[in-house]
There are 4 protein chains.
Amino acid sequence: MTTPPFEPDPAGYLYEQMASHLAQRIASGELKPNTPLRGERDLAEEYGVSLGTARHATRLLRYRGLVVTVRSKGTYVAAARRSGEPLRHQ
Amino acid sequence: MTTPPFEPDPAGYLYEQMASHLAQRIASGELKPNTPLRGERDLAEEYGVSLGTARHATRLLRYRGLVVTVRSKGTYVAAARRSGEPLRHQ
Amino acid sequence: MTTPPFEPDPAGYLYEQMASHLAQRIASGELKPNTPLRGERDLAEEYGVSLGTARHATRLLRYRGLVVTVRSKGTYVAAARRSGEPLRHQ
Amino acid sequence: MTTPPFEPDPAGYLYEQMASHLAQRIASGELKPNTPLRGERDLAEEYGVSLGTARHATRLLRYRGLVVTVRSKGTYVAAARRSGEPLRHQ
DNA sequence: GTGGTCTAGACCACT
DNA sequence: GTGGTCTAGACCACG
């Protein structure tokens, strides 16, 4: 079997690396539920990427349900939940 | 009843206007199933927006199932289908 | 808490002070027509005010026709013009 | 169809011609160290070749140490250096 | 010559 | 001082 047509290793992308790293920090408990992440500008600087890339990373975490973002307020680590439970928004 | 918390009128956004306009051109039959759209660079110029905004618009159409994009090939008007039918990829 | 005077002196507001100062820099020729102002974040830092205040100040200048702002590009010192002449955008 | 010569003359390739021409412009001082080349699309148009060919040419110059490319920023004429000296990035 | 990733900024609405 | 929209460009992988 050959590799499927492209999708050129998403793991190599900056936004994916950044999202994975943040996901790990959430999983490890370093970033706790209902606490805010640092601002996207700060995250961009911290990871040495542009604002757009940092925004791409947080969007990914949002799609994956790991964070909840509230406009003009910030992006928060999602509340822990058991599987089957609905997402609880703040 | 008051208006819900923000989401400041998506209809006003450039990418939404552009996506809606393209959707209408598809619905009207001007753009036919399985034919390619113009390239994103061309669309950006045609609509007088930046490349990023044009890309945002086509991404929206993709999410809505109106187009299918093939990397390095182009973005195609999705095949017409009856409701209930699965999406057919090229 | 004391009640404010009925019509608080607008000259006392930070945004008004800032706007006046910028207006003077334009009038003096320090800031020349068709040149961009520094970004709103930079101006806020330069004047030691919050971002909202800096924005309020530039909005005032815009209303007064001293600057023209081009979305996503920047805010420019308005071209000098005789009264009656239309605004010339860059 | 005829068989090509065993080792086709690299000097005949468009990308090699283009790379050589750019190398000469660098050597002559027309293109100065640490200044950016024109974008690959512009170069392609300027030399009347396809985008892929222009990219091939700049890649060659990169391999030869004549230019340094900074992702998403541009391709720059390499700083002049004595042999043995490390490359200095801008 | 396509879509994708990325940079480095800008202004905007809202808290 | 947040997230969101937008610009104008760059290079990259692939067909």
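Everything numeric here is computed off the predicted structure, so don't read it as measured data.

Details of the protein's contact with DNA strand F
- Looking at DNA strand F, there are 35 residues lining it, with Glu40(A), Arg55(A), Tyr15(B), Ser50(B) and Thr53(B) nearest.
- Taken together, the sugar and phosphate atoms account for 63% of what DNA strand F places within 4 Å of the protein.
- Here Arg55(D) contributes a side-chain N or O atom positioned 3.0 Å from a base nitrogen of DNA strand F.
- When residues of the surface near DNA strand F are traced back to their parent elements, those giving at least two are α2 (40-47) and β2 (74-77) of chain A, α1 (14-27) of chain B, α3 (51-63) of chain C together with α2 (40-47) and β2 (74-77) of chain D.
- Classifying every residue of the surface near DNA strand F by side-chain character gives 5 nonpolar, 14 polar and 16 charged.

Re the pairing of strand β1 (residues 67-70) of chain A
Residue and element names in this part refer to chain A.
- As paired elements, β1 and β2 share 4 bridges and run antiparallel to each other. Residue Val68 lies in a different strand from β2, and its bridge partner there is Tyr76.
- Between β1 and β2, which pair antiparallel one after the other, the connecting turn spans 3 residues, and Ser72 there sits at a positive phi close to 70°.

A short note on the pattern of salt bridges
All names here are of chain A.
- Per the stated rule, a full pass over the model turns up 24 salt bridges over all chains.
- Glu40 is the partner of Arg55 in a salt bridge, and the nearest nitrogen-oxygen pair spans 2.9 Å. With Arg55 in helix α3 (residues 51-63) and Glu40 in helix α2, the pair connects residues that are 15 residues apart, well separated along the chain.
- Among the residues examined, Arg55 registers a relative accessible area of 40% and is labelled partly exposed.
- Connected via shared salt-bridge partners are Arg25, Glu30, Arg38, Asp42 and Glu46.

Quick word on the protein's contact with DNA strand E
- As a matter of local geometry, DNA strand E sits amid 34 residues, with Leu14(A), Tyr15(A), Thr53(A), Glu40(B) and Arg55(B) nearest to it.
- The side chain of Thr53(A) places a nitrogen or oxygen atom 2.5 Å from a phosphate oxygen of DNA strand E.
- Between Arg55(C) and DNA strand E, the recorded distance is 2.8 Å, taken from a side-chain N or O atom to a base nitrogen.
- Sorting the residues of the surface near DNA strand E by element identifies α1 (14-27) of chain A, α2 (40-47) and β2 (74-77) of chain B, α2 (40-47) and β2 (74-77) of chain C together with α3 (51-63) of chain D as the ones contributing at least two each.

Focus: the UniProt feature "domain: HTH gntR-type" (unreviewed entry) in chain A
- UniProt feature "domain: HTH gntR-type" (unreviewed entry): in the numbering of this structure it lies at residues 12-80 of chain A.
- Helix and strand shares over residues 12-80 of chain A are 51% and 12% respectively, and the end C-alpha atoms of the span are 28 Å apart.

Points about the environment of Leu43(D)
Residues and elements named next belong to chain D.
- Structurally, the position occupied by Leu43 is in helix α2.
- Taking relative accessible area as the criterion, Leu43 reaches 3% and is therefore assigned buried.
- Taking the C-alpha atoms as reference, Leu43 lies 21 Å from Ala79; in sequence the two are 36 residues apart.
- If we skip the residues at most four places from it in the chain, Leu43 touches Met18, Leu37, Arg38 and Thr58.

A word on the packing of aromatic side chains
- In this structure the tally under the stated criterion is 4 aromatic pairs over all chains.
- A ring pair is formed by Tyr13(A) and Tyr15(A), whose centres lie 5.5 Å apart and whose planes are at 35°; its orientation type is tilted.

Examining the environment of Leu51(B)
All names here are of chain B.
- Note on placement: Leu51 falls in helix α3 (residues 51-63).
- Taking relative accessible area as the criterion, Leu51 reaches 36% and is therefore assigned partly exposed.
- In sequence terms Leu51 and Arg71 are 20 residues apart; their C-alpha atoms lie 16 Å from each other.
- The contact partners of Leu51, leaving out residues within four places of it in the chain, are Glu40, Arg41 and Ala44.

Definitions and cut-offs
- Residues numbered from 1 in each chain as written.
- Chains lettered and ligands numbered in written order.
- Predicted model: local features only at pLDDT ≥ 70, side-chain atom pairs only at ≥ 80, totals over all residues.
- Heavy atoms only, no water.
- Near = heavy atom within 4 Å.
- Polar contact = N/O pair within 3.5 Å; in protein donor to acceptor, adjacent residues only side chain to side chain.
- Helix = DSSP H or I, 4+ residues; strand = E, 2+ residues; numbered from the N terminus.
- Nonpolar A, V, L, I, M, F, W, Y, C, P; charged D, E, K, R; others polar.
- Pairing = 2+ DSSP bridges.
- Salt bridge = Lys/Arg side-chain N within 4 Å of Asp/Glu carboxyl O.
- Buried < 20%, exposed > 50% of the residue type's maximum accessible area, 1.4 Å probe, protein only.
- UniProt positions renumbered as here; feature names shortened; annotations may be inferred.
- Contact = heavy atoms within 4.5 Å.
- Phe/Tyr/Trp six-rings, centres within 6.5 Å; stacked < 30°, edge-to-face > 60°.

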